[in-house]
Amino acid sequence: MRRMFRTLAATAALVCLTSTTALAHWVYVSNEKDDTVSVIDTETNEVIKTLQVGQRPRGITLSHDFTRLYVCASDSDAVQVWDVATDTLIHNLPSGADPEQFALHPDNKHLYIANEDDAIATVVDVDSRTVVSQIDVGVEPEGMAVSHDGKWAIVTSETTNMAHWIDTGTQQLVDNTLVDQRPRDAEFTEDDGELWVSSEIGGVVSVIDTATKQVTHRIEFAIPGVSKDRIQPVGIELTSDGKYAFIALGPANHIAVVDRTDDDKVIKYILVGRRVWHAALTPEEDKLYTTNGVSGDVTVIDVASLKAEKTIKVGRFPWGAAILPKDKIPQ
């Protein structure tokens with residue numbers, strides 16, 4: 001009987017472990033005031049662990065094979081590389097001064113980093129841990145994106161008000177696109193035909209034709225009861241089916257929902273936490289997780305209904321988010 005009980009207990013423990021890893025994704029959230037990264041289980045929507053990282057973590061992303069977590073520790077002047085399986089810091093990359101955001105090339109090897117204080121973009125080989133190139137860009141570079149085909153790296157400069165086009169084959173700056181005041185985030189559409197750039201002070205999102213590198217149109221926002229100067233677009237998330245764009249509107253405390261199939265019209269504003277910075281979609285694109293800096297929490301949005309479902313308390317001033325798919329969670 002005792003042996004049977006032990007067998008049943010072991011089986012129950014295995015089922016519990018399997019259900020957690022089989023059903024849930026992990027959301028990594030950088031908390032810039034606590035110098036931590038919170039990890040949320042999407043099955044329970046609770047924080048299951050907290051990683052102590054470098055100072056003022058902002059940008060956060062995962063390697064394409066999901067074995068490494070990259071964290072921009074801005075005030076530590078470092079990009080930290082964490083082992084996903086063991087939650088241990090492996091090493092720091094030579095990131096340049098004040099790394100803000102970064103983007104990993106599809107080759108899973110070259111990391112493009114925006115260095116705000118030095119007005120440069122640093123390209124690092126993550127395997128050899130060496131700087132491949134440092135490229136002069138505009139003043140206060142912030143946003144970074146790499147096209148899905150790997151041809152272009154984009155840096156947005158907050159003071160110069162430009163999106164800078166870097167040819168990843170030559171690591172040379174080849175063109176600039178003037179956008180509205182204080183550009184923050186940049187995202188390519190799934191076919192790389194368009195580049196979307198948010199302008200925080202300008203209060204708009206510019207849609208740029210990749211072929212011509214010209215702005216084709218701008219998306220504006222108006223929320224009843226919210227003053228226009230509080231509508232400050234930052235993070236952009238685009239669904240892969242080409243249907244929706246989700247825009248974080250900063251101190252307006254809302255996510256704007258843009259219908260990309262209907263001339264990029266704003267169809268809804270979803271109330272979230274205070275000072276929403278960024279957002280991340282689950283792999284199935286059924287849930288959106290927003291990082292709300294001032295309120296210190298994450299809002300879960302159901303994509304089908306376009307409604308906020310839950311608020312999750314994390315660390316102080318959550319900023320960036322990255323999602324580890326359920327099949328990549330370490331056993």
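Attention here is on the structure that accompanies the text. Because the structure is predicted, anything quoted here is derived from the model rather than measured. (Residues numbered from 1 in each chain as written. Predicted model: local features only at pLDDT ≥ 70, side-chain atom pairs only at ≥ 80, totals over all residues. Heavy atoms only, no water.)

### A word on the packing of aromatic side chains
Argument step 1. Counted according to the given criterion, the structure contains four aromatic pairs.
Argument step 2. An angle of 80 degrees between the planes, with centres 6.3 Å apart, marks the rings of Trp165 and Phe188 as edge-to-face. In this pair, Trp165 sits in strand β14 (residues 162-167) while Phe188 sits in strand β16 (residues 183-188), placing the two residues 23 residues apart along the sequence. The residues Trp165 and Phe188 share a single accessibility class, namely buried.
Argument step 3. Centroid distance Trp277 to Trp319: 5.9 Å. Interplanar angle 40 degrees. Geometry classified as tilted. With Trp277 in strand β24 (residues 276-281) and Trp319 in strand β28 (residues 318-324), this pair connects stretches of sequence that are 42 residues apart. Like Trp319, Trp277 is buried.
Argument step 4. Site record: aromatic cluster; members linked through ring pairs are Trp152, Trp165 and Phe188. (Phe/Tyr/Trp six-rings, centres within 6.5 Å; stacked < 30°, edge-to-face > 60°. Helix = DSSP H or I, 4+ residues; strand = E, 2+ residues; numbered from the N terminus. Buried < 20%, exposed > 50% of the residue type's maximum accessible area, 1.4 Å probe, protein only.)

### Let's talk about the sheet that holds strand β25 (residues 287-292)
Adjacent strands of a sheet pair through backbone hydrogen bonds, lying either parallel or antiparallel.
Argument step 1. Ordered in space as β24-β25-β26-β27, the four strands form an open sheet in which the pairing is antiparallel. Each edge of the open sheet is held by one strand with a lone partner, namely β24 and β27 (307-313). Put simply, the sheet's adjacent strands are angled 25 degrees from each other on average, direction ignored.
Argument step 2. Bridge count for strand β26 (residues 297-302) against β27 is six bridges, and the pairing is antiparallel. Counterpart to Thr299 in the pairing with β27 is Thr311. (Pairing = 2+ DSSP bridges. Axes fitted to C-alpha atoms, helices over the stretch in contact; angles between N-to-C directions.)

### Considering the pattern of salt bridges
Argument step 1. Applying the stated criterion across every chain yields a total of 21 salt bridges.
Argument step 2. A salt bridge links Arg184 to Glu200; the shortest N-O distance between them is 2.5 Å. Taken together, the residues span a long stretch of sequence, with Arg184 in strand β16 and Glu200 in the loop between β17 (194-199) and β18 (204-209) at a distance of 16 residues.
Argument step 3. With its nearest N and O atoms 3.8 Å apart, the salt bridge here joins Glu284 to Lys326. With Glu284 in the loop between β24 and β25 and Lys326 in the segment after β28, this residue pair connects regions lying 42 residues apart in the sequence.
Argument step 4. When salt bridges that share partners are traced, they join Glu32, Arg56, Arg58, Asp75, Asp98 and Glu100 into one network. (Salt bridge = Lys/Arg side-chain N within 4 Å of Asp/Glu carboxyl O.)

### Digging into a negative patch on the surface
Argument step 1. Where like charges cluster on the molecular surface, the negative patch consists of Asp77, Asp117, Asp118 and Glu140.
Argument step 2. With respect to the helices and strands, Asp117 occurs in the loop between β9 (110-115) and β10 (120-125). (Patch = residues over 30% accessible without salt bridge, like charges linked within 9 Å, V, L, I, M, F, W, Y side chains within 5 Å. Areas by Shrake-Rupley, 256 points an atom, 1.4 Å probe, with all protein chains shown as cover. Lys, Arg positive; Asp, Glu negative; His and termini not counted. Charge placed at Lys NZ, Arg CZ, Asp CG, Glu CD.)

### Topic: the pairing of strand β21 (residues 244-248)
Argument step 1. Among the five residues in β21, five count as buried, and that is most of the element.
Argument step 2. By the bridge criterion, three bridges tie strand β20 (residues 236-238) to β21 in an arrangement that is antiparallel. Each residue of the ladder has a partner; that of Glu237, found in β21, is Phe246.
Argument step 3. Remark: five residues form the turn of the hairpin made by β20 and β21, two consecutive strands paired antiparallel; Gly242 in that turn has positive phi of roughly 80 degrees.
Argument step 4. Two strands pair when backbone bridges link them, and β21 and strand β22 (residues 254-259) are joined in this way by five bridges, in the antiparallel orientation. Across the sheet, Tyr244 pairs through a bridge with Asp259, a residue of β22.
Argument step 5. The antiparallel pairing of β21 with β22 creates a hairpin that spans five residues between the two strands, and Gly250 there sits at a positive phi of about 55 degrees.

### Topic: the side chain of His110
Argument step 1. With respect to the secondary-structure elements, His110 resides in strand β9.
Argument step 2. A residue is classified by how much of its surface remains accessible, and His110, at 17% relative accessible area, is buried.
Argument step 3. Of note is the side chain of His110, whose polar atom sits 2.7 Å from the side chain of Asp107.
Argument step 4. Dropping the residues within four chain positions of it, His110 is found in contact with Ala103, Leu104, His105, Val123, Val124, Asp125 and Val132. (Polar contact = N/O pair within 3.5 Å; in protein donor to acceptor, adjacent residues only side chain to side chain. Contact = heavy atoms within 4.5 Å.)

### Quick notes on the environment of Ser295
Argument step 1. On the secondary structure map, Ser295 appears in the loop between β25 and β26.
Argument step 2. Sequence-wise, Ser295 and Arg275 are 20 residues apart; in three dimensions their C-alpha atoms are separated by 7.3 Å.
Argument step 3. Setting aside its immediate chain neighbours within four residues, Ser295 contacts Gly273, Arg274 and Lys313.
Argument step 4. In this structure the side chain of Ser295 is engaged in a polar contact, spanning 3.0 Å, whose partner is the backbone nitrogen of Arg274.

### Topic: unusual backbone geometry
As a rule of thumb, non-glycine residues mostly have phi less than zero, and peptide bonds are mostly trans rather than cis.
Argument step 1. With phi around 55 degrees, Asp87 is a residue other than glycine that occupies positive phi space.
Argument step 2. The phi dihedral of Glu285 falls on the positive side, at around 60 degrees, and the residue is not glycine.
Argument step 3. Along the chain, Glu285 falls in the loop between β24 and β25.

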